[in-house]
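# Chain and residue survey
As a plain string of letters, each chain reads:
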Amino acid sequence: QGDVAEAISFLSVFEESYAGDGELMREALGRRIGLLSRVGRYDDATAEARTMMMRFPDSAAPVIDSVLSSLDTQIQDLEHEAATELNDRRIEELKQQVAGLAQTARNLASLLASWAGEQGFNDDQMVPYRLVLARSMRLSGNADEARAILEPLMVNYGGEAQVIHEMAETYFAEGTDDSLLR
């Protein structure tokens, strides 16, 4: 991780030197967001993503989506590790890591969904952004909010595999008798 920390530092110096070059700045911000998330500095990555969304919104959306995918994979890996762990203390540590990652994913997904909403996208174009937001809500322990996003999608896109999958995961996350029987 020393190399990653050095790269983050280098990008800060780089940005000071090339602040007037929009193309280079987009690239530097995107790389820094990825590096910050890679070393677990999620609050910093979220702050950088907000900066990038303000300065280069079209370039930021795919970078944020990539970071969200990475966070989702990390969350799944940690959840799997927690499910197979025997040490209660380690299980609690893993759950806390999942909670932190999930909150960051939620923040980033909200940022991305807000941006998408401001683009004037039609309902079909908004589906992927709503799914990402719903998934991040579910992962951060807010299955009821995920359900509120997904239920309208089920009306018009109920035949889409990803919509069905997210709805099923949300029902499972709710854990009520009613939701588990759906």
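The notes below deal with the structure included here.

The rules behind these values
Residues numbered from 1 in each chain as written. Predicted model: local features only at pLDDT ≥ 70, side-chain atom pairs only at ≥ 80, totals over all residues. Heavy atoms only, no water. Helix = DSSP H or I, 4+ residues; strand = E, 2+ residues; numbered from the N terminus. Buried < 20%, exposed > 50% of the residue type's maximum accessible area, 1.4 Å probe, protein only. Contact = heavy atoms within 4.5 Å. Areas by Shrake-Rupley, 256 points an atom, 1.4 Å probe, with all protein chains shown as cover. Lys, Arg positive; Asp, Glu negative; His and termini not counted. Charge placed at Lys NZ, Arg CZ, Asp CG, Glu CD. Axes fitted to C-alpha atoms, helices over the stretch in contact; angles between N-to-C directions. Left-handed = near helix turned anticlockwise from the far one by under 90°. Nonpolar A, V, L, I, M, F, W, Y, C, P; charged D, E, K, R; others polar. Core = buried A, V, L, I, M, F, W, Y, C linked by side-chain atoms within 4.5 Å. Parallel < 35°, antiparallel > 145°, perpendicular 65-115°, else oblique.

Within the protein one finds nine helices and zero strands. Secondary structure elements in the protein, listed N-terminal to C-terminal, are α-α-α-α-α-α-α-α-α. Dimensions of the protein, computed from the C-alpha atoms along their principal axes, are close to 60 × 50 × 20 Å. Within the protein, the fraction of its 182 residues that count as buried is 40%. Look at the contacts in the protein between residues 6 or more apart in sequence, and 54% of them connect residues 24 or more apart. Of the roughly 10200 Å² of accessible surface on the protein, 48% is carried by carbon and sulfur atoms. Across the protein, the mean location of the 16 positive side-chain charges is 2 Å away from that of the 32 negative side-chain charges.

The subject of this paragraph is the packing of helix α7 (residues 143-157) against helix α8 (residues 161-174). Two elements in contact, α7 and α8, have axes whose closest approach is 9 Å; the angle formed by their N-to-C orientations is 145°. α7 and α8 meet at a crossing whose hand is left-handed. Contacts between α7 and α8 involve A143, D144, A146, R147, L150, E151, L153, M154 and Y157 from the former and V163, I164, E166, M167, T170, Y171, A173 and E174 from the latter. Class assignment for the residues of the contact of α7 with α8 results in 11 nonpolar, one polar and five charged.

Attention shifts here to the nonpolar core. Counting residues in hydrophobic clusters, the biggest one holds 45 residues, and the most contacted among them are I64, L68, L71, L108 and L153. Mapped by element, the contributors of at least two residues to this core are α2 (22-38), α3 (42-55), α4 (57-84), α5 (88-118), α6 (123-139), α7 and α8. A total of 12 residues in this core trace back to one element, the largest contributor, which is α5. Beyond its immediate sequence surroundings of up to four residues, L153 is in contact with V127, R130, L131, G158 and V163.

What follows covers the packing of α2 against α4. Their axes nearest at 10 Å, the elements α2 and α4 cross at an angle of 10°. On the basis of their axis angle, the class for α2 and α4 is roughly parallel. Residue-level contacts link R26, G30, I33, G34 and S37 of α2 to S59, V63, V67 and Q74 of α4. Among the residues making up the contact of α2 with α4, the classes are represented as three nonpolar, five polar and one charged.

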